[in-house]
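# Reading the structure
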Amino acid sequence: MFIDLHKTLERIKDNIPAGRRVTFEMLEKAYEQTLWLRSHILGVMYDMIDFGSATKRVIGEVSVSQTDSDNMVCLVIPEPLPGLKELTGTVEEHWSRMIHEAIAQQAKIGIPHFEKAHVHIWITAPRGTNNTKVWDTSNRAINVVINNLKGIFFDDDNFEHMSCSVEASWGKIGMTEIRICDHKELEKCTIFQQAGSKL
């Protein structure tokens, strides 16, 4: 894949010209182009990984958080779940890789398989100038998470095999915690106790 990052940077610079008045419409275009720049940079970085000039398997330091329940898993992704305009094909692939890297770490401890699982997605979104009041994730991004968990922690993403909840809060550092536990034992899981403590 050949991506000219300089062209994207030039388009952003064109909408934020030095010594000229910048309009709201110009900033809006620059913001959208910045989202594309992120996607383009990810594309170039994964090309380096896939074609051998980089040694990392995934971009981003994912981890597994310990819980006080043997039957609950917590995957920690070091980015907030993408917003609606952010979820390009490249970003979706990036998220799939991060989730599977976290699952690989969990596999060293053990992966429970639930007849019916509950997936709780907790998003910490960094407060910025463009989202001081409203921040909205993409429903498709939630589907990306669920699709990468099914077949591993539960058989399918229908109501017989899983339920799902999503919560979010503002924070200094963006991240996403994905907790999976037995649906039949929700009251015993720390999933809601820990979520409530953040409110």
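Everything here concerns the structure above.
As a starting point, this report considers the structure included with it.

## Observations concerning helix 3 (residues 89-107)
Taking 1.5 Å of rise per residue, the 19 residues of helix 3 would be expected to cover 27 Å, and the 27 Å separating its terminal C-alpha atoms lies within 8% of that figure. Burial in helix 3 covers these residues: Thr 90, Val 91, His 94, Trp 95, Ser 96, Arg 97, Met 98, Ile 99, Glu 101, Ala 102, Ile 103 and Gln 106. Against helix 2 (24-50), strand 1 (63-64), strand 2 (72-77), helix 4 (139-149) and strand 5 (175-182) lie the buried residues of helix 3.

## Thoughts on the environment of Asn 148
When you line up the elements, Asn 148 lands in helix 4. Sequence spacing of Asn 148 and Ile 103 is 45 residues, and the spatial spacing of their C-alpha atoms is 9.5 Å. Setting aside residues up to four positions removed in sequence, Asn 148 forms contacts with Ser 96, Ile 99, His 100 and Ile 103. Separated by 3.1 Å, the side chains of Asn 148 and Ser 96 make a polar contact.

Rules and cut-offs
- Residues numbered from 1 in each chain as written.
- Predicted model: local features only at pLDDT ≥ 70, side-chain atom pairs only at ≥ 80, totals over all residues.
- Heavy atoms only, no water.
- Helix = DSSP H or I, 4+ residues; strand = E, 2+ residues; numbered from the N terminus.
- Expected span 1.5 Å × (residues − 1).
- Buried < 20%, exposed > 50% of the residue type's maximum accessible area, 1.4 Å probe, protein only.
- Contact = heavy atoms within 4.5 Å.
- Polar contact = N/O pair within 3.5 Å; in protein donor to acceptor, adjacent residues only side chain to side chain.

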